[in-house]
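These are the residues of each chain, in order.
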Amino acid sequence: MSGWRNQSTVDGDTLPVIDGGRDSDPSSDRCGSFSRRKVRYKRRLMMADALAVVAGTALAFKLQLVLRPVPARTVVEELALVIVALPFFAVGAGLNRLYQARANERRAEEVVNVLKAVGLLIGGLLFGAFAVKYNEFSRLWVALMTVSVTVMLVVERSVARQIFAELRTKGAMSRRIIMVGTDTEAVELMHLYERRPELGYEVVGFAGDGAPGGHGAVRILGPISDLTRLLREQDAVGVVVSLPSVASHEVNRLTRRLIDDGFHVALSSSLRDIDISRLRPQEADGRTMIYVEPVVRGGWRAAAKRTFDVTSALGLFVVATPVVIAAIVAIRIDSKGPVFFRQTRVGRNGEAFELTKLRTMVVNAEELKLSLMDRNEADGALFKIRADPRITRVGGVLRKLSIDELPQLVCVLKGSMSMVGPRPALPEEVAQWDDEVAERLRVLPGLTGMWQVFGRSDASFETYKRLDLYYVDNWSLRHDAVICAKTVRVVMSGRGAA
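In short, a report on the structure. A quick note: this is a predicted structure, and the numbers were derived from the prediction, not measured.

**Section: the pattern of salt bridges**
Right, so step 1: Throughout the structure, instances matching the rule amount to 19 salt bridges.
Right, so step 2: Residue Arg73 pairs with Glu77 through a salt bridge whose shortest N-O separation is 3.0 Å. Taken together, the positions of Arg73 and Glu77, both in helix H2 (residues 72-95) and four residues apart, correspond to about one turn of that helix.
Right, so step 3: You can call Arg73 partly exposed: its relative accessible area is 46%.
Right, so step 4: Each member of the salt-bridge network shares a partner with another, and the members are Asp49, Glu110, Arg157 and Arg161.

Written out as structure tokens, the structure is:
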């Protein structure tokens with residue numbers, strides 16, 4: 001089924017991916033201007049890849065001359081081999097679908113495809129050298145070619161991803177689709193695509209039960225039996241099927257018919273908060289199954305996480321000490337009261353611990369909180385006020401740069417916190433949690449986490465809950481590394497801090 005193996009995780013929902021794909025005909029009325037733009041952008045991406053390969057090759061030659069100088073004749077001969085091998089890269093790019101959006105939705109997937117294409121390029125080099133019996137082949141040069149071309153392509157592709165995301169946000173690469181079904185899940189998917197225009201989907205309407213026309217947020221175009229006609233009338237490239245809205249015996253028939261008519265079909269899995277890398281498609285007597293890989297937190301992984309916590313906390317503590325001292329002096333000058341703010345938080349398995357931060361509010365901030373409850377802008381168990389009057393002048397700067405969080409490194413060294421984990425919650429917040437939210441207490445709270453990278457102070461309680469549970473349910477060392485890297489960027493920009 002089209003789109004089944006190409007999924008992405010967006011806002012915690014496991015979603016299939018639709019693109020123009022090989023079935024799109026630029027001259028087709030139903031594909032319209034989108035397909036023509038798609039072909040144009042594809043050609044530009046191919047040119048960018050070619051330039052990246054050229055730049056990588058030039059870098060490899062430059063590094064070779066620096067590390068191990070060779071005669072000019074050797075450089076010319078190696079360059080001739082590169083020219084001979086270029087078609088191998090073109091074949092590799094095609095075989096590994098480097099120009100299909102659905103095959104490169106995730107960055108890691110795209111990097112793997114790039115590596116495979118570069119592998120064929122290097123294979124072409126070796127084949128050319130063998131064919132002409134070139135005996136002066138340098139293993140150093142082959143290694144430099146492999147690394148430099150790969151790096152250049154990955155950097156170029158990262159830039160291209162940003163450009164394509166901006167184009168989709170502006171509507172320049174929007175793919176018109178129809179939602180099949182009118183149930184709650186179908187409506188939620190529509191709202192998700194509206195919130196995330198960079199995904200490049202424009203929901204033009206719904207196909208399902210009910211008379212055509214507007215019904216609140218749902219614009220029903222017609223019945224599911226008329227999907228082919230509706231897709232052509234709306235100049236849409238495909239559909240997203242909400243499975244609860246379609247009888248199981250109808251799904252295969254509907255999918256086959258639409259694919260035969262040249263449209264793209266994606267099936268909503270109904271799964272939420274499960275990382276896409278944990279899903280494995282399986283087949284059982286003709287049925288498509290999804291196996292969910294378990295998350296392993298113990299053993300060597302736990303030891304590796306603790307080692308990472310201790311080493312990174314120590315390193316950051318040494319680097320940040322002058323900054324903390326400067327902040328202490330500024331707090332002393334700015335307002336009366338203690339430099340540090342200590343508060344009880346709830347850690348793993350519900351155990352309480354003392355969290356220490358640099359004081360960023362007036363001394364009687366907790367008492368003033370009661371008088372400010374009617375101004376609370378957050379929902380659920382959270383308390384947030386934009387331009388909180390309790391924050392001091394220096395405190396505002398410390399919060400903006402997250403400097404006030406640095407004393408928590410001591411908690412990381414003690415083992416009551418981790419470098420990465422759910423937001424450490426207050427006891428009164430925990431008292432309002434339901435059993436689902438309490439699942440976040442299975443792991444150590446973190447100095448940073450998904451809430452800081454993706455939500456921070458402007459996140460709703462529902463978002464805060466979903467991000468924390470997503471982290472707990474999908475924990476891996478790779479996730480921790482990615483979150484740490486993104487935290488640096490978020491903190492440097494000051495986005496979402498308060």
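Once you've had a look at it, read on.
**Re the side chain of Arg440**
Right, so step 1: Topologically, Arg440 is positioned in the loop between helix H12 (427-430) and strand E14 (446-448).
Right, so step 2: Judged by relative accessible area, which is 3%, Arg440 ranks as buried.
Right, so step 3: A polar contact is formed between the side chain of Arg440 and the side chain of Asp468, at a distance of 2.7 Å.

**Focus on unusual backbone geometry**
Right, so step 1: At Asp235, a residue that is not glycine, the phi angle is positive and equals roughly 55°.
Right, so step 2: Within the secondary structure, Asp235 sits in the loop between helix H6 (227-233) and strand E7 (238-242).
Right, so step 3: The class of Asp235 is partly exposed, set by a relative accessible area of 26%.
Right, so step 4: Here Asn349, not a glycine, exhibits a phi torsion of approximately 60°, which is positive.
Right, so step 5: Secondary-structure assignment places Asn349 in the loop between strand E11 (340-346) and strand E12 (352-358).

**Observations concerning the packing of H2 against helix H3 (residues 107-131)**
Right, so step 1: Where H2 meets H3, the axes come as close as 7 Å, and the angle between the chain directions of the two elements is 145°. Every pair of crossing elements has a handedness; the one defined by H2 and H3 is right-handed. In contact with Leu81, Val82, Ala85, Leu86, Phe88, Phe89, Val91, Gly92, Ala93 and Leu95 of H2, H3 contributes Ala117, Val118, Leu120, Leu121, Gly124, Leu125, Phe127, Gly128 and Ala129.
Right, so step 2: Its residues placed into classes, the contact of H2 with H3 shows 16 nonpolar, three polar and no charged.

**Topic: the environment of Arg196**
Right, so step 1: Among the secondary structure elements, Arg196 is positioned in the loop between helix H5 (184-195) and strand E4 (201-207).
Right, so step 2: Assessed through its relative accessible area of 26%, Arg196 is described here as partly exposed.

**Remarks on the nonpolar core**
Right, so step 1: One finds Leu121, Leu125, Trp141, Met145, Val149, Leu153 and Phe164 to be the most contacted residues of the largest nonpolar core, which totals 31 residues.
Right, so step 2: Among the elements of the structure, helix H1 (32-67), H2, H3 and helix H4 (139-169) are those that each provide at least two residues to this core.
Right, so step 3: It is H4 that contributes the most residues to this core, nine residues altogether.
Right, so step 4: Contacts of Leu121, omitting those with residues within four sequence positions, involve Val53, Ala85, Leu86, Phe88, Phe89, Met145 and Val149.
Right, so step 5: Core analysis: the next-biggest nonpolar cluster, separate from the first, contains 30 residues, Ile331, Leu406, Met419 and Cys484 among them.

**A word on helix H8 (residues 300-334)**
Right, so step 1: Where H8 bends most, the angle comes to about 50°, and this point is Ala320, followed within four residues by the proline Pro322.
Right, so step 2: Summarising the contacts, the buried residues of H8 are in contact with E12, helix H10 (393-400), helix H11 (409-414), strand E13 (418-420), helix H14 (461-473) and helix H15 (477-493).

**Overview of a nonpolar patch on the surface**
Right, so step 1: Where nonpolar side chains cluster on the molecular surface, the patch consists of Val147, Val151, Val155, Val159 and Ile163 and spans about 410 Å² of accessible area.
Right, so step 2: One can find Val147 in helix H4.
Right, so step 3: Take Val147: its relative accessible area is 52%, and that puts it in the exposed class.

**Considering the packing of H3 against H4**
Right, so step 1: Relative to each other, H3 and H4 sit at 145°, their axes nearing to 10 Å. Crossing geometry of H3 relative to H4 is assigned as right-handed. Residue-level inspection shows Arg107, Glu110, Val111, Val114, Leu115, Val118, Leu121, Ile122 and Leu125 of H3 in contact with H4, the latter providing Trp141, Val142, Met145, Thr146, Val149, Thr150, Leu153, Val154, Arg157, Ser158, Arg161 and Gln162.
Right, so step 2: Looking at the contact of H3 with H4, its residues break down into 13 nonpolar, four polar and four charged.

**With respect to the environment of Val339**
Right, so step 1: Take Val339: it is sitting in the loop between H8 and E11.
Right, so step 2: The class for Val339 is buried, based on a relative accessible area of 7%.
Right, so step 3: Along the sequence, Val339 and Val329 sit 10 residues apart, while their C-alpha atoms lie 8.8 Å from each other.
Right, so step 4: In this view, Val339 contacts Ile328, Ile331, Arg332, Lys357, Leu358 and Arg359; residues no more than four positions away in its chain are not counted.

Parameters at a glance
- Residues numbered from 1 in each chain as written.
- Predicted model: local features only at pLDDT ≥ 70, side-chain atom pairs only at ≥ 80, totals over all residues.
- Heavy atoms only, no water.
- Salt bridge = Lys/Arg side-chain N within 4 Å of Asp/Glu carboxyl O.
- Helix = DSSP H or I, 4+ residues; strand = E, 2+ residues; numbered from the N terminus.
- Buried < 20%, exposed > 50% of the residue type's maximum accessible area, 1.4 Å probe, protein only.
- Polar contact = N/O pair within 3.5 Å; in protein donor to acceptor, adjacent residues only side chain to side chain.
- Axes fitted to C-alpha atoms, helices over the stretch in contact; angles between N-to-C directions.
- Left-handed = near helix turned anticlockwise from the far one by under 90°.
- Contact = heavy atoms within 4.5 Å.
- Nonpolar A, V, L, I, M, F, W, Y, C, P; charged D, E, K, R; others polar.
- Core = buried A, V, L, I, M, F, W, Y, C linked by side-chain atoms within 4.5 Å.
- Bend = angle between axes of the 7 residues up to and from the residue.
- Patch = residues over 30% accessible without salt bridge, like charges linked within 9 Å, V, L, I, M, F, W, Y side chains within 5 Å.
- Areas by Shrake-Rupley, 256 points an atom, 1.4 Å probe, with all protein chains shown as cover.

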